[in-house]
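Letter by letter, the chains look like this.
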Amino acid sequence: MRVLCCLDGTNVEQMKRATAMLSGSEPITLGLIYVIDTGARHDIEHTRERFLRPHGSPPSRQHEMDEAERASAKETLDEGSHCFSGAETLQRQGTPEREIVNAAVEWQADLVIVCPRGEYGGTPRVGPKSIGHTARFVLDHAPCPVLLMRPPNQGPFPRQFR
Amino acid sequence: MFQYFAVPELTKTFLAALIGILTLVGIMTRPFRWNEAVIAMAGAGVLLLLGLVAPADAFITLARDWNTFLFFLGMMGISALAEAAGLFDWLAVQAARLAGRSATRLFLNIFLLGSLISMILSNDATALILTPVVYVLVTKLRLPVLPFLFACTFIADTASFLLPISNPINIIILSRFPLSLAIFLRLLFLPSLVVIGMNVGVFFLLYRQQLRGSFDLGRLPILEDARRHQVYFRYTCGVLVLVAVAYVIASAKQFPLSLVALTGGAVLLIGALSWKTINLRDLGKRISWSIFGFIAGMVIVVRSIEDTGLTSAFGNWLLHLSGGTGAGAVIVGTAGAAIGTNLINNVPMAVVMASALGSIQHAPIAVQHGFVAATIFGCDLGPNLTTVGSLATMLWLLILRRRGIEVSGLDYFRVGVIVTPIMLAAGALTILLLL
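Residues numbered from 1 in each chain as written. Chains lettered and ligands numbered in written order. Predicted model: local features only at pLDDT ≥ 70, side-chain atom pairs only at ≥ 80, totals over all residues.

So, on to the confidence of the model for chain B. Residues and elements named next belong to chain B. Chain-level pLDDT for chain B is 88 on average; 93% of the residues reach the 70-or-more range. Per-element confidence in chain B is highest for helix H6 (residues 103-121), whose mean pLDDT is 96, and lowest for helix H20 (residues 391-402), whose mean pLDDT is 57. For this predicted complex, the interface score ipTM comes out at 0.90, while the overall pTM is 0.89. (pLDDT = per-residue confidence, 0-100. Helix = DSSP H or I, 4+ residues; strand = E, 2+ residues; numbered from the N terminus.)

Residue and element names in this part refer to chain B. The interhelical angle for the contact between helix H9 (residues 168-176) and helix H18 (residues 346-356), taken along N-to-C directions, is 10°, at an axis separation of 9 Å. Taken together, the axes of H9 and H18 lie roughly parallel to each other. From H9, Ile169, Ile172, Ile173 and Arg176 reach across to H18, where they touch Asn346, Val347, Ala350, Val351, Met353 and Ala354. Split by residue class, the contact of H9 with H18 holds eight nonpolar, one polar and one charged. (Axes fitted to C-alpha atoms, helices over the stretch in contact; angles between N-to-C directions. Parallel < 35°, antiparallel > 145°, perpendicular 65-115°, else oblique. Contact = placed C-beta atoms within 7 Å. Nonpolar A, V, L, I, M, F, W, Y, C, P; charged D, E, K, R; others polar.)

Residues and elements named next belong to chain A. When strand E1 (residues 2-6) meets strand E4 (residues 111-114), the two strands line up parallel, connected through three bridges. Bridge assignment links Cys5 to a residue of E4, and that residue is Ile113. By the bridge criterion, three bridges tie E4 to strand E5 (residues 146-148) in an arrangement that is parallel. Note on E5: the bridge partner recorded for Val112 is Val146. (Pairing = 2+ DSSP bridges.)

Note on helix geometry: an α-helix contains 3.6 residues per turn, so any two residues three or four positions apart are oriented the same way. All names here are of chain B. In a regular helix each residue adds 1.5 Å, so 21 residues correspond to 30 Å; helix H1 (residues 9-29) covers 30 Å between its end C-alpha atoms and thus fits that length. Looking at H1, one finds that the buried residues are Ala16, Ile19, Gly20, Thr23, Leu24 and Ile27. Along H1, the residues classed as buried sweep out an arc of 130° about the axis, all on the same side. Turned more than 90 degrees away from the buried face of H1 sit Leu10, Thr11, Phe14 and Leu18, all of them exposed. On the buried face of H1, the contacting elements are helix H2 (36-49), helix H15 (290-308), helix H17 (326-344) and H18. One or two positions beyond H1, positive phi appears at Arg30, with a value near 45°. (Expected span 1.5 Å × (residues − 1). Buried ≥ 20, exposed ≤ 12 C-beta atoms within 10 Å, placed from the backbone. Arc of directions from axis to C-beta.)

Before going further, it helps to examine the nonpolar core. Residue and element names in this part refer to chain B. Residues Ile110, Val134, Phe148, Ala151, Cys152, Ala350 and Met353 are the most contacted members of the largest nonpolar core, which totals 147 residues. No fewer than three residues from each of domain 1 (55-277) and domain 2 (309-435) sit in this core. Apart from residues no more than four positions distant in its own chain, Phe148 is found in contact with Phe107, Ile110, Val134, Val138 and Leu143. (Core = buried A, V, L, I, M, F, W, Y, C linked by C-beta atoms within 7 Å. Domains from an automatic or database assignment.)

Our next topic: the packing of helix H5 (residues 87-98) of chain B against H6(B). Residues and elements named next belong to chain B. Contact geometry of H5 with H6 gives a least axis separation of 8 Å together with a crossing angle of 145°. Helix-helix and strand crossings are classified by hand; for H5 and H6 the assignment is right-handed. Between H5 and H6, the contacting residues are Leu91, Ala95, Ala96 and Leu98 on the first element and Leu106, Asn109, Ile110 and Leu113 on the second. For the contact of H5 with H6, a count of residues per class yields seven nonpolar, one polar and no charged. (Left-handed = near helix turned anticlockwise from the far one by under 90°.)

Residue and element names in this part refer to chain B. What the domain assignment lists for chain B is domain 1 (55-277) and domain 2 (309-435). On a C-alpha basis, the centres of domain 1 and domain 2 stand 22 Å from each other. Counting from both sides, the interface comprises 28 residues of domain 1 and, opposite them, 31 residues of domain 2. Of all the elements, helix H10 (residues 181-206) adds the most residues to the side of domain 1 that touches domain 2, at 12 residues. In terms of residue class, the side of domain 1 that touches domain 2 is made up of 19 nonpolar, six polar and three charged.

Looking now at the sheet that holds E1(A). Residues and elements named next belong to chain A. Taken together, five strands build an open sheet; the order of strands is E3-E2-E1-E4-E5 and the sheet is parallel. Whereas interior strands pair on both sides, the edge strands pair on one side only; in this sheet they are strand E3 (88-94) and E5. Mean inter-strand twist for the sheet, computed between neighbouring axes without regard to direction, equals 25°. Where E1 and strand E2 (residues 29-37) come together, five bridges link them in parallel fashion. Counted as the bridge partner of Arg2 is Thr29 from E2. Along the sheet, helix H3 (residues 59-83) makes contact with E2 and E3, crossing E2 at roughly 160°.

Residues and elements named next belong to chain B. Over its 14 residues, H2 extends 20 Å from the first C-alpha to the last, a length consistent with the 20 Å expected when each residue adds 1.5 Å. If you check which residues of H2 are buried, you get Glu36, Ala37, Ile39, Ala40, Met41, Gly43, Ala44 and Leu47. On its buried face, H2 sits against H1 and H15. Positive backbone phi, approximately 75°, marks Gly51, located one or two places after H2.

Pasting the structure below:
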């Protein structure tokens, strides 16, 4: 089974839990994907446009941004490779949700594992709107089954008042 | 052309109004994604070719706005030379160091840094130079990028009426309606603090989940590396402190701020060339020359509309809507400027408003002050509503979205729609209380 794990820099531990759940079934070929989100760079361009500036920051600044993005991607994928030895790594650039779906097609994934959203130290969200737009898009458009790796929820769901 | 033919005055008036309105609609809708500067200069060119504006008249009009043109030049030069010194990178790293390891404190520090830069170097420097610097920093620190990016973009406008030099728009309006520094600060400093506080508060609320984490100080770039040339860096800091003091004194003495900006830029340039941190070619590339064409075109077009009486009619209409009261002036001025600035970008809106407000000079002083302060406030803060600056860009993004293409920019819009009306209302109310 070809399993594609979507890394976002905050979810390696959750991916480990997910793959542990799958072990024991058929042999797994793991793929790790990290997408450099170009949305922020487009937002910077819109700001330049609004301030009536020509397209593109100065080349030295663009180079710095490229370097920072690449270093972050490499670090995340290296972390993943360290946890999942032998896993294939895929680095993409663009809109994360679209790149993940397209990579799942190209890589012929049998299963995509995705987390609801990046967790940056806050309490993992449960309930309405707990699934971010990237995971939502992957759930809606992936060409194969998707495993949504939710954070463990301790409490029961409140019963309806009658 | 019409100098050589006998054309009725009414026809000339109609044509001038038509060309003026078409130019404004062109800037608003930007057909074929044409650059605004091209549209504005084309409008001015047609007016000159048809003889609807005399070349001498156009020259006098442009010469009258010398303070605005030179301020733009000086401001962009100072920002570019400060960037070449590594000042923005150094300040961003310092902000991160002072935050300890807390993402929340770094977020607050970025707001404070953005406010400081907007106040002294204008909102352009925050939005265009600090934003990519912060993007690189938070990417290296592996923090969520979007909240920090939005913080920079929003605070650039929110903090842009702390001082007259905090936004070139202020210079455009104050060149026509000079306010003493005391009145400017009395009417706009406190509202600025109020809206900055609200901006920070609402953003903390919106992004509280993403800001709870911490970052590894080891990921921070080395502070000394940010300074590209040690001596020039110190020189730049010293000159900028002097320029900031000179700005305040010049504002208080009603001395042209453009001369302070140009002198500061020239002193920095001498240092930069001496220590070879930048050459003239690179500096030239960092200055947006098309802005001068855009403003020149707009000024000539608005001048021709002035002759038709449309702008004074617009001013009288605003005065009528305000009911001739200070409170009405603040509400109408804020709403009009904020809406207009989201339709045609804040630079042309400021030029139009500056012309329209010419007809309120017979109104009581409180009404005049109310309109001027509200126009500055609305033109400065209004762009936060869409942040993309024009209806055209917004429509373009919506069209792309409808075609199923994921676009950025709409995320800004969602935040702007929540935050900006609240800030506009609170700021207008504060101005009202201070009037």
